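Topology and contacts: notes
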Amino acid sequence: REYKGNRKQIKPHYYSYIKAYLQAQWGAVVVDGMEADDALCIEQTKRLARKDTIICSRDKDLKQVPGWTYTWEMAKQPGFGPYLVDDLGWLKKEVKRDKEGKVKETKVTGVGNKFLYYQMIAGDAVDNISGLKRKGPVAGYDTLHDATTVRECYERTAKLFRNEFEGDWKDAMSKVASLVYLIREKDKAGKFRGWRPPPEDE
């Protein structure tokens, strides 16, 4: 699937006016060369030791990133936080049933690396990212919810990729990770550092 191929590319009618107002009145920064969510993650990661930043957004992907996060309530969608996300994170499963008691919908929410690896397994319909075959929200949750380290999240996810892609599993896993992983930092040369498997001792 084309990444974000299901998104409408047309900007809202008053987009340019809103942008100008935010820049003039609130000192908003317009980011070039990267997506805004990556820019937020880079800035928050720089100050993790001080914990004096908070990401405020309706974008669920930003909950991958350690540090303070907040989502405001909108219509029937609940708010979240303020919450301090740690590196490992957690997953929560909500099951909706019909009048007969049959499962109608399974929704999984989460934060930290558990949520990142969950997205690699289950995919992300909002961004048009396919998950592993026959591995939806339930499989993603069952695979990761009780993992105790980031390395364990990686190993459990890698096992599913090996089962599906066999000899090409590393390449397939890296491709999916590059779509769901939010950039946290730049290297010494100023290039973005993408997703990498965690060290074995982590």
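Residues numbered from 1 in each chain as written. Predicted model: local features only at pLDDT ≥ 70, side-chain atom pairs only at ≥ 80, totals over all residues. Heavy atoms only, no water.

Some remarks on the overall build of the protein chain
Rules: Numbering goes from the N terminus for both helices and strands, where a helix is a DSSP run of H or I of at least four residues and a strand is a run of E of at least two. Each radius of gyration is computed over the set of C-alpha atoms, and the globule rule expresses the reference value as 2.2 Å times the number of residues to the power 0.38. Each residue is assigned to one of three classes by its accessible area relative to the maximum for its type, calculated with a 1.4 Å probe on protein chains only: buried under 20%, partly exposed between the two thresholds, exposed over 50%. Surface accessibility follows the Shrake-Rupley procedure with a 1.4 Å probe radius. Residue values consider only the protein chains on display as shielding. As used throughout, the charge tally considers Lys and Arg to be positive and Asp and Glu to be negative, leaving His and the chain termini uncounted. By convention, the point assigned to a charge is CZ for Arg, NZ for Lys, CD for Glu and CG for Asp.
For the protein chain, the count of helices and strands is six helices and nine strands. Against the globule reference of 17 Å for 202 residues, the protein chain gives a C-alpha radius of gyration of 18 Å, in line with a compact fold. With the C-alpha coordinates aligned to their principal axes, the bounding extent of the protein chain is approximately 50 × 50 × 35 Å. Every one of the 202 residues in the protein chain was classed for burial, and the buried ones make up 34%. Of the roughly 13400 Å² that the protein chain leaves accessible, carbon and sulfur atoms contribute 52%. One way to put it: in the protein chain the 38 positive side-chain charges average out to a point 3 Å from where the 31 negative ones average out.

Observations concerning the sheet that holds strand β3 (residues 80-85)
Backbone-to-backbone hydrogen bonds pair the strands of a sheet. The strands run either parallel or antiparallel. Test applied: In this description, strands pair whenever DSSP reports at least two bridges between them. Throughout, an axis means a line fitted to C-alpha atoms (over the contacting stretch in the case of helices), and angles, computed between N-to-C directions, take values from 0 to 180 degrees.
One open sheet accounts for three strands, arranged β1-β2-β3; its pairing is mixed. Edge positions in the sheet fall to β1 (54-56) and β3, since each has one partner strand and no second. The mean angle between the axes of side-by-side strands here comes to 20°, regardless of whether they run parallel or antiparallel. As paired strands, β1 and strand β2 (residues 67-71) are joined by three bridges and run parallel to one another.

What about the packing of aromatic side chains?
For clarity, the cut-off: Centre distance within 6.5 Å is the pairing criterion for rings of Phe, Tyr and Trp, where only the six-membered ring of Trp is used; planes under 30 degrees apart are then read as stacked, over 60 as edge-to-face, and the remainder as tilted. Only Lys NZ and Arg CZ are tested; either one counts as a charge over a ring when it is within 6 Å of the ring centre and within 35 degrees of the ring normal.
Enumeration according to the criterion identifies seven aromatic pairs in this entry. Consider the rings of Phe161 and Phe165, whose centres lie 5.9 Å apart with planes at 20°: the pair is stacked. Of the two residues, Phe161 and Phe165 both sit in helix α5 (residues 150-165), four residues apart, roughly one turn of that helix. Three or more aromatic residues link up through ring pairs in this structure, and these residues are Phe80, Tyr83 and Trp90. The aromatic ring of Tyr15 is capped on one face by Lys11, whose charged end is 4.8 Å from the ring centroid. Positioned above the aromatic ring of Trp169 is the side chain of Arg162, whose terminal nitrogen or guanidinium carbon lies 5.1 Å from the ring centre.

What to know about the environment of Tyr118
Threshold: Every residue pair with non-hydrogen atoms within 4.5 Å of one another is taken to be in contact.
With respect to the secondary-structure elements, Tyr118 resides in helix α3 (residues 112-122). What Tyr118 contacts, discounting residues up to four positions off in sequence, is Leu91, Val108, Gly123, Pro137, Gly140, Tyr141 and Leu144.

Concerning the pattern of salt bridges
Quick reminder of the rule: Any carboxyl oxygen of Asp or Glu that lies within 4 Å of a side-chain nitrogen of Lys or Arg is treated as forming a salt bridge with it.
Tallied over the entire structure, the rule returns 12 salt bridges. For Glu152, the salt bridge goes to Arg156, with nearest N and O atoms at 2.5 Å. Here Arg156 and Glu152 lie together in helix α5, a separation of four residues that amounts to about one turn. Each of Arg47, Arg50 and Asp52 takes part in salt bridges that share partners, so that together they form one network.

Describing the nonpolar core
We apply this condition: Only buried residues count toward a nonpolar core, which is a set of Ala, Val, Leu, Ile, Met, Phe, Trp, Tyr and Cys residues joined through side-chain atoms within 4.5 Å.
With 28 residues, the main nonpolar core has Tyr117, Met120, Met173 and Trp195 as its most contacted residues. For this core, the elements supplying multiple residues, two or more each, are α3, α4 (137-144), α5 and α6 (169-180). Here this core takes seven residues from α3, the largest share from any one element. Not counting residues up to four positions away in its chain, the partners in contact with Met120 are Leu132, Thr157, Phe161, Met173, Val176, Ala177, Val180 and Trp195. Counting five residues, the second largest nonpolar core, distinct from the first, contains Cys41, Ile55, Val65 and Leu182.

Observations concerning α5
Given 3.6 residues to a turn, an α-helix orients residues that are three or four positions apart in the same direction. For clarity, the threshold we go by: Expected helix span is computed as 1.5 Å times (number of residues minus one).
Over its 16 residues, α5 runs 22 Å from end to end, which matches the ideal 22 Å to within 8%, given 1.5 Å per residue. Every buried residue of α5 is listed here: Val150, Arg151, Cys153, Tyr154, Thr157, Ala158, Leu160 and Phe161.

Some points on the state of the cysteines
Simply put, the disulfide is a covalent bond whose two ends are the sulfur atoms of two cysteines. Rules: Only a pair of cysteine sulfur atoms within 2.5 Å counts as a disulfide in this structure description.
Using the criterion set out here, one finds zero disulfides in the structure. Of all cysteine sulfurs, the one in Cys41 lies closest to Cys56, which takes part in no disulfide; the gap is 13 Å. With a relative accessible area of 44%, Cys56 lands in the partly exposed category. Just so you know, Cys153 is unpaired, no disulfide at all, and the nearest cysteine sulfur is the one on Cys41, 18 Å from it. According to the relative accessible area criterion, Cys153 is buried, its value standing at 0%.

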